[in-house]
Amino acid sequence: MLPRLLHFLDASPVNFLAVKNICAELESASFRRFNPQEPLGTLRAGDRFYVTKNDSSVYAFIIGQQPIADAGFHMICAHCDSPTFRIKPNAEITCEGGIVKLNTEVYGGPIMSTWFDRPLTIAGRVIVRGNDALHPNTLLLHVKRPLLQISNLAIHFNRQVNDGVKLSKQKDMLPIIGMITDELERGNLLMNTIVEELNRQQPVRREDILDFDLYLADATPACTFGIHDEFISSGRLDDLSMCFAGLEALLATTRSEVPPATTNVLAIFDNEETGSQTKQGAGSPFLASILQRIAMSQSDTLGMEAFYQAVERSFMVSADNAHAWHPNYSEKYDPTNHPVLGGGPVIKFNAAQKYASDASSAAVFAELCREAGVSCQRFVNHSDVAGGSTLGNILASSLPLRGVDMGNPILAMHSCRETGAVADHLYAVRAFTQFFNNR
Ligand code: CO
C-alpha cells in the first residue's frame, strides 16, 4: 500500500497532475466521467461516477443502497494544492554570462528556505489553440528531470545566515534554468522546453501555445527513512497524503460484491492554500450543486426536499494534515496534547472554530477509528500560537454538514520536504474505509 502512495506523490508534482492521477485510478475502478453540461440521468445503487472542475478539483461518488434523502452522504474532503512558486508571464531574465533565471511568484505559504539548493522541475498545464477562441485545449506537463535550482548565497557573503535571514519573494527565490549557448535561445529557454516536452505526448506547434499555469516542484522522489523505514520524506504530504488515503478507502468500497449502504463522496478541492475562494475551491457552490442533482435524480416526488433532508443526515470528514509533536520544539505545542508521528489520525479542535470539529463530531470519528482498530489523537494549539485553518468550515458555509476536521500528523508542514509516518497512512485508510462502509 505504501509504494502506491509514494508513486502517487512523485507523479503528482502539482494539483493538475494529482487530479489526473486520481481520475485514472477512478477510471480503472469503473467510475464514469460525468459531464456537468449534460443531465445526470437516473441513478441506481452501485453507480460510480466522477466530475472535475478546472482540471484541478475532482469529486467522486458511489451511490449507496439506501435512498439519499434517508441516509445522506458520507463525504471525505481533502485538497490537492500545495505551497509552491508559480512561473510568471515573460519569466525569463537573462543575466551576465548568459545565465537565465525565471521570474516567479509565491503560491500559498511555503517555508521558502527549504526550496534552496535542491533540484527542481516544472509541472502544470499548457493551454493550446482549439477549434475556436472559447474552447482551447489543455495539455498537462511534467518535466521529469532536474531542470532548475534556487541557489543560496554563500555564507561568506552573509555571515549571519544561521541566525535567521529575511527572504524577499521577488529577489531571493528566483530559480536558475540554464545558460544560453546561442542567441536564438535568448528569451526562449522555457518555451523551447515546453514545446519539446509537449511533443513527446503529441505534435504541438509553438505558435499554438496560448498560455500556461506552470509551477516549481521538487525533483527528488519521495522516500521512506528511519531505522525501521518508519517515516516518509516527501513534498506535498499536505495534503496529497490525505487525498490518496481517501481515494484508497473509496476504491476499497468498490471491491465489495454489494454497493455500500450510504452514498459515498470523495471531494478533492483546489486552492485551499490560498483561501478556497475559487470555482474549484471549497468555497465554491459547485459541489453543493452536484449533490443537489444527485439527491433530486433519485426522487421523483421530493424535489429539493430530498437534498435538504440528505444534508441534515450527512457526515463530512475534512482531512488535512495536522502538526505532529516535534522533538526539538516542545515549547511550541499545547502542554497536554502531543499528537505524535505514527500515533494515528489526529482530530483538530479550535475554540474559535477554525476547525469544524466539536465534541459530537469528534466522538463520531473517534468511534469509527475504534471500530477500525486504529488509535486516534487530538490536537489543539498552544493558546499563544495562532495556528492554521482548513477547508472544513469554508465548505460548511455553503453546505451545513455535520463534520470533523482531522488529518495525519506531519512535521515541517509547508516545507519543500515534509515528514510523515508510514503507519499513519495505513491507519487513515482503515479509518476512512470504516467510515465509507458505515451506516
Ligand atoms: Co493542508
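Residues numbered from 1 in each chain as written. Predicted model: local features only at pLDDT ≥ 70, side-chain atom pairs only at ≥ 80, totals over all residues. Heavy atoms only, no water.

K.L.:
Explain the domain arrangement of the chain here, please?
P.N.:
Note on interface size: it is often stated as the accessible area lost on association of the parts. For the chain, the assigned domains read domain 1 (2–82 + 235–437) and domain 2 (84–218). The gap between the C-alpha centroids of domain 1 and domain 2 is 31 Å. Counting from both sides, the interface comprises 22 residues of domain 1 and, opposite them, 20 residues of domain 2. With both sides pooled, the region where domain 1 packs onto domain 2 buries about 1,600 Å², and carbon together with sulfur makes up 62% of that total. (Domains from an automatic or database assignment. Contact = heavy atoms within 4.5 Å. Buried area = accessible area lost by both parts, 1.4 Å probe.)

K.L.:
When you look at unusual backbone geometry in this model, what are you seeing that I'm missing?
P.N.:
Among all residues save glycine, negative phi is the norm, and among peptide bonds the norm is trans. Cis geometry marks the peptide bond from Asp 238 to Asp 239; its omega dihedral reads 15°. Unusually for a residue other than glycine, His 414 sits at a positive phi of about 75°. Counting through the fold element by element, His 414 comes out in the loop between β19 (409–410) and β20 (418–421). Look at His 414 and you get buried, because its relative accessible area is 16%. (Helix = DSSP H or I, 4+ residues; strand = E, 2+ residues; numbered from the N terminus. Buried < 20%, exposed > 50% of the residue type's maximum accessible area, 1.4 Å probe, protein only.)

K.L.:
How do you make sense of the pattern of salt bridges when you look at a structure like this?
P.N.:
Side chains that differ in charge, positive against negative, can pair when their charged atoms come close. Inspection of the entire model under this criterion finds 14 salt bridges. Its salt-bridge partner being Arg 125, residue Asp 213 comes within 2.8 Å of it at the nearest N-O pair. Highlighted residues: Asp 213 in strand β10 (residues 209–218) and Arg 125 in strand β7 (residues 120–128), separated in sequence by 88 residues. Neither residue differs from the other here; Asp 213 and Arg 125 are each classed as buried. A salt bridge links Arg 370 to Glu 367; its shortest N-O distance comes to 2.7 Å. Of this pair, Arg 370 and Glu 367 both sit in helix α8 (residues 359–372), separated by three residues, roughly a single helical turn. A relative accessible area of 55% places Arg 370 in the exposed class. One network of salt bridges, with partners in common, ties together Asp 55, Arg 86, Arg 125 and Asp 213. (Salt bridge = Lys/Arg side-chain N within 4 Å of Asp/Glu carboxyl O.)

K.L.:
Can you walk me through the environment of Pro 89 in this structure?
P.N.:
Inspection of the secondary structure assignment puts Pro 89 in strand β5 (residues 84–94). For the pair formed by Pro 89 and Asp 211, sequence separation is 122 residues and the distance between their alpha carbons is 8.5 Å.

K.L.:
Just to check I follow, could you spell out the sheet that holds β20 for this structure?
P.N.:
Adjacent strands of a sheet pair through backbone hydrogen bonds, lying either parallel or antiparallel. Taken in spatial order, the three strands line up as β11-β12-β20 in an open sheet, and their pairing is antiparallel. The open sheet terminates on both sides in strands that have one partner only, identified here as β11 (223–225) and β20. Pairwise comparison of adjacent strand axes, ignoring direction, gives a mean angle of 35° for this sheet. Across four bridges, strand β12 (residues 231–234) lies against β20 in antiparallel orientation. Residue pairing in the sheet places Ser 234 in a bridge with Glu 418 of β20. Seen against the sheet, helix α10 (residues 422–437) touches β11, β12 and β20 and runs at an angle of roughly 60° to β20. (Pairing = 2+ DSSP bridges. Axes fitted to C-alpha atoms, helices over the stretch in contact; angles between N-to-C directions.)

K.L.:
I keep staring at helix α2 (residues 15–28) and nothing clicks. Help me out?
P.N.:
The periodicity of an α-helix, 3.6 residues per turn, causes residues three or four places apart in sequence to face the same way. Here α2 spans 20 Å end to end across 14 residues, near enough to the 20 Å set by a 1.5 Å rise per residue. Of all the residues in α2, the buried ones are Asn 15, Phe 16, Leu 17, Ala 18, Val 19, Asn 21, Ile 22, Cys 23 and Leu 26. Ser 30 sits one or two positions beyond α2 and adopts a positive phi of about 65°. (Expected span 1.5 Å × (residues − 1).)

K.L.:
Teacher, can you tell me more about helix α4 (residues 189–201) here?
P.N.:
Counted at 1.5 Å a residue, the expected span for α4 with its 13 residues is 18 Å, and the 19 Å between its end C-alpha atoms agrees. By the burial criterion, the buried members of α4 are Leu 189, Leu 190, Thr 193, Ile 194, Val 195, Glu 197 and Leu 198. Those residues of α4 hidden inside the fold are in contact with β5, β6 (99–107), β7, β8 (137–142), β9 (176–179) and β10.

K.L.:
Can you help me understand the side chain of Thr 263 in this one?
P.N.:
Position of Thr 263 among the secondary structure elements: in strand β13 (residues 263–269). Overall, Thr 263 belongs to the buried group, its relative accessible area being 0%. Polar contacts involving the side chain of Thr 263 include one to the main-chain amide nitrogen of Gly 64, which spans 3.0 Å. Dropping the residues within four chain positions of it, Thr 263 is found in contact with Ile 62, Ile 63, Gly 64, Ile 68, Gly 72, Phe 73 and His 74. (Polar contact = N/O pair within 3.5 Å; in protein donor to acceptor, adjacent residues only side chain to side chain.)

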